[in-house]
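What follows is the residue order along each chain.
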Amino acid sequence: MLDKFQNEIVNTNKSCFVSAGPGSGKTKVVVAKALMYPRSITLSFGRKAIQEIKQRNSQANAYTIHSFCYRNLKLKEKTILNENNIEILAEKHGLEKEIQRIKAVLNIEIKKIFNLVSQSKNLNKSIETLISSSKDFDIRVYAEYIYDFCKIYDKLNKIYLDYDDLLIKFLENTKDVETEQLIIDEFQDVNNLQIEVLRKFVFDSCLITYDINQAIYGFRNANIEDILQIFYTNTNFEHFFLHTNYRSPVCVVEVANKIIDFQYRQKAINTEGCIKIINDDELNKYLNQENTLILSRHSQKNKNILTIHQAKGLEAERVVLFNVEHGIFPDPKNDIEEERRIFYVALTRTKRELFIHYSKKPSSFLYEFGILNKKQKYHTLQYHKLANFQIKRIKS
């Protein structure tokens with residue numbers, strides 16, 4: 001069943017922007033809209049969002065932006081590439097040896113280098129320019145190794161496409177894509193290149209969902225300012241807001257509000273009996289429990305642990321935030337406001353229970369948002385009724 005506000009969005013014939021907070025029934029709206037228009041096209045940034053949509057509506061024409069471009073190019077490949085197959089550049093094509101060498105020699109995450117290559121294509125800037133202007137200490141220190149890796153990558157990239165190439169080739173070889181209803185999910189995560197892909201669509205009406213408070217892909221060139229500009233300039237779109245969080249306990253919603261609203265941060269919140277802090281020994285009993293998400297700020301070797309980015313769009317009865325430590329979360333190398341939004345995404349995955357783990361020195365976030373104070377470090381867990389979640393409205 002749809003609530004009053006969800007139903008209004010599904011039944012409007014006009015194009016609309018929908019600001020949808022976590023647990024507000026956004027996917028339910030997207031699925032219902034797709035069912036009304038069997039020939040509609042649904043696009044999202046992430047695979048998990050598309051998987052969720054297809055689980056609820058197996059007939060939905062739902063794709064990630066990259067997979068849609070890939071599908072489109074496969075139909076045209078003989079004229080575009082003069083090849084039998086479009087292959088995505090991967091380790092098997094000759095990068096594996098270089099990746100292993102970097103991991104052995106350098107104290108740097110390999111994804112930082114891949115993100116640099118992607119940024120070069122998205123912003124149309126040279127690797128040299130990006131390295132010289134980078135605020136990341138690791139990028140500047142290991143510049144020589146990164147140059148060497150990028151030269152090898154560039155040679156292979158002349159043979160195989162990477163994910164950004166899919167978008168670029170699509171833009172070069174596609175005039176228009178027509179559909180009666182275009183649905184764009186998780187719009188806050190798209191970057192400028194993906195926005196250009198979306199501009200190729202011609203539609204009778206369009207539904208765009210977003211949550212600025214969950215914009216956590218700055219490292220992949222998603223830019224909040226550019227996205228807000230689109231909201232302000234498209235005056236033919238109606239604006240809707242889904243306010244009610246049907247997922248999380250009231251205490252989690254209270255802390256989440258404090259994370260994303262500076263004025264709300266000044267309000268004292270009683271988290272007594274709301275969130276439980278756990279140690280290493282207590283952590284172990286949750287690692288293999290059903291309906292439990294174990295989340296971490298960064299990648300972990302343990303396969304039971306997802307990064308917060310990987311868990312975006314997921315939910316579970318129980319969420320455990322692992323390693324919420326000083327110097328790890330927030331990541332001192334990242335924008336602090338984006339780190340707050342990442343924490344916000346992590347908290348709002350839970351439907352019932354929330355546990356926060358640290359081993360040595362707790363994250364400053366635990367004090368900043370009133371989860372810990374100097375006098376009391378541990379809280380007991382209780383259950384709460386669901387709360388009404390007020391999303392920050394975008395001011396024009």
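In what follows, the structure referred to is the one given above.
What comes next concerns the included structure. (Residues numbered from 1 in each chain as written. Predicted model: local features only at pLDDT ≥ 70, side-chain atom pairs only at ≥ 80, totals over all residues. Heavy atoms only, no water.)

The helix and strand inventory of the chain stands at 17 helices and 13 strands. Across the 396 residues of the chain, 54% fall into the buried class. Here the contacts in the chain between residues at least 6 apart in sequence split such that 73% fall between residues at least 24 apart. Accessible surface for the chain amounts to roughly 20100 Å². Of this, 48% is attributable to carbon and sulfur atoms. (Helix = DSSP H or I, 4+ residues; strand = E, 2+ residues; numbered from the N terminus. Buried < 20%, exposed > 50% of the residue type's maximum accessible area, 1.4 Å probe, protein only. Contact = heavy atoms within 4.5 Å. Areas by Shrake-Rupley, 256 points an atom, 1.4 Å probe, with all protein chains shown as cover.)

Moving on: helix α9 (residues 143-157). In this model α9 runs 20 Å from its N-terminal to its C-terminal C-alpha over 15 residues, within 8% of the 21 Å that 1.5 Å per residue would give. Among all positions in α9, only A143, I146, F149, C150, Y153, L156 and N157 are buried. Seen along its axis, α9 keeps its buried residues to an arc of 135 degrees; they face one direction. Facing away from the buried side of α9 by more than 90 degrees, the exposed set consists of E144, K151 and K155. Those residues of α9 that are buried are in contact with α5 (96-105), α6 (110-123), α7 (127-133), α8 (137-141) and α10 (163-173). (Expected span 1.5 Å × (residues − 1). Arc of directions from axis to C-beta.)

Two elements in contact, helix α2 (residues 26-36) and helix α3 (residues 47-56), have axes separated by 10 Å at closest approach and are oriented at 55 degrees. Compared by their axis directions, α2 and α3 come out oblique. The two elements α2 and α3 cross, and the hand of that crossing is right-handed. On the side of α2, the interface is formed by T27, K28, V30 and V31, while α3 contributes E52, I53 and R56. A class-by-class count of the residues in the contact of α2 with α3 yields 3 nonpolar, 1 polar and 3 charged. (Axes fitted to C-alpha atoms, helices over the stretch in contact; angles between N-to-C directions. Parallel < 35°, antiparallel > 145°, perpendicular 65-115°, else oblique. Left-handed = near helix turned anticlockwise from the far one by under 90°. Nonpolar A, V, L, I, M, F, W, Y, C, P; charged D, E, K, R; others polar.)

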